[in-house]
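Chain by chain, the residues:
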Amino acid sequence: MDRILLLLTGLLAAYQIAVGIEGFSTLPMIAYSTAFGVLLIAGLLLLILGFEVLDSPIVVMVSTIIPLSLATGLIWQYLPDYRVMYLIFAIFGFIAIVVTQALPTKNRFPLFILVFVHGVAGLTIFLLPIILVISGLAPSGFLLMSVGGALIGLGGLLLALLKAGKPLLSRELIFRVLPGLLLLMTAAFVTGFALG
């Protein structure tokens, strides 16, 4: 069942890259293509290599690209006054995660950086569509982006706490719900883009 869910996630991500981002300006198109491309590759790696691949620090670094790219695309598309500032945050946030994850350290600083950067990106993905819909700047179907943002935040939190040795759920349960969570998240994002 996990393999089927991961395959469906990959197919939805591939669809979004091929069809779902038409009509966007250049930077949002690059940002969304990058996010869904990484999601596609992550799903395929999980499908082929299993959940053990999540133990690699490289996966933590690469998976950061998904929320940062989505959030950057949304900011660029809907909040032009904050474009450059958010792009700088995304670049330096990614570099900070790569550096802190690559350094062998026993303290919690790498986890703090990870949670902070993911948190800002996740809150952007979650809150911005709600604000746009309430303001009348986006149709109500765009709220599904917020659902996807909540799901990506939940998945990221579960995996970050598991990696930190303070899991909310058992490792087995996290890995059991992760494929379904990834599929629901991807479906919410794809549908949100289609309806938004």
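In case you missed it, the structure is sitting above this.
Residues numbered from 1 in each chain as written. Predicted model: local features only at pLDDT ≥ 70, side-chain atom pairs only at ≥ 80, totals over all residues. Heavy atoms only, no water.

A. Here's a closer look at the overall build of the chain. If you tally the helices and strands in the chain, you get eight helices and zero strands. Counting helices and strands in the order they occur from the N terminus, the chain gives α-α-α-α-α-α-α-α. Radius of gyration (C-alpha) of the chain: 16 Å, near the 16 Å computed for a compact globule of 196 residues. Reported as C-alpha extents along the three principal axes, the dimensions of the chain are approximately 45 × 40 × 25 Å. Counting over 196 residues, the chain shows a buried share of 42%. (Helix = DSSP H or I, 4+ residues; strand = E, 2+ residues; numbered from the N terminus. Rg over C-alpha atoms; globule rule 2.2 N^0.38 Å. Buried < 20%, exposed > 50% of the residue type's maximum accessible area, 1.4 Å probe, protein only.)

B. Quick look at helix α4 (residues 65–78). Taking 1.5 Å per residue as the helical rise, α4 with its 14 residues ought to reach 20 Å, and the 20 Å between its terminal C-alpha atoms agrees with that figure. With eleven of 14 residues buried, α4 is to be regarded as a mostly interior element. Ile66, Pro67, Leu68, Ser69, Leu70, Ala71, Thr72, Gly73, Leu74, Ile75 and Trp76 are the residues of α4 that are buried. Here the buried face of α4 lies against α2 (26–49), α3 (57–63), α5 (83–102), α6 (109–134), α7 (143–163) and α8 (171–195). (Expected span 1.5 Å × (residues − 1). Contact = heavy atoms within 4.5 Å.)

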